[in-house]
Amino acid sequence: MFNISNNGIITVSRGDNFTVPLFINQGTELNPIRFTIGENCEVYLGIMEPNQKFEDALIKKRYTTKSLNKNGDIVVSIKHQDTACLVPGKYFYEFKLRALNPDTNEYEINTIIPKKEFNII
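Residues numbered from 1 in each chain as written. Predicted model: local features only at pLDDT ≥ 70, side-chain atom pairs only at ≥ 80, totals over all residues. Heavy atoms only, no water.

*Asks:* Please clarify how unusual backbone geometry should be interpreted in this entry.
*Replies:* Generally, phi is negative for residues other than glycine and the peptide bonds are trans, each holding for most cases. Of note in this structure, asparagine 51 is not a glycine but carries a positive phi near 65°. Of note, the phi angle at asparagine 105 is positive, near 60°, even though the residue is not glycine. The residue asparagine 105 is located in the loop between β7 (89-101) and β8 (106-120) in this model. Taking relative accessible area as the criterion, asparagine 105 reaches 59% and is therefore assigned exposed. (Helix = DSSP H or I, 4+ residues; strand = E, 2+ residues; numbered from the N terminus. Buried < 20%, exposed > 50% of the residue type's maximum accessible area, 1.4 Å probe, protein only.)

*Asks:* Would you mind showing me how to read the environment of histidine 80 here?
*Replies:* The topology assignment puts histidine 80 in helix α1 (residues 80-83). For histidine 80, the residues in contact, after removing those within four places along its chain, are Gly15, Asp16 and Asn17. (Contact = heavy atoms within 4.5 Å.)

*Asks:* Help me understand the environment of isoleucine 74 in this model?
*Replies:* Checked against the element boundaries, isoleucine 74 lands in strand β6 (residues 74-78). Sequence spacing of isoleucine 74 and glutamate 42 is 32 residues, and the spatial spacing of their C-alpha atoms is 9.8 Å. Sequence-distant contacts of isoleucine 74, that is, excluding residues within four places in its chain, are made with Val20, Pro21, Leu22, Ile37, Val43, Tyr63, Thr64, Ser67 and Leu68.

What follows is the structure, given as structure tokens:
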């Protein structure tokens, strides 16, 4: 079982696989504009216990241009082994984007989805 509520809360059965596209909006809610993932971009997913830092996440995933679907969205994939050994309960997920700023020629990291609930049942 896999479900994403309207407010972004994810509920998944322990040990289940799922894939879901991640639309990165660089516009507004009323005027969405798809962010284009380029060669100098990486998207990171962290699934953490409550009060755990992103850097110490139990589940860490990295997505690049190789993870794009035909629409240009990252395809987030969680496999059986990612959650099979976790105790059912409340966790949190967060997405961060690491992208090269062409003006400064330095990488910047921005949170694209702040911490939201990730429930394992």
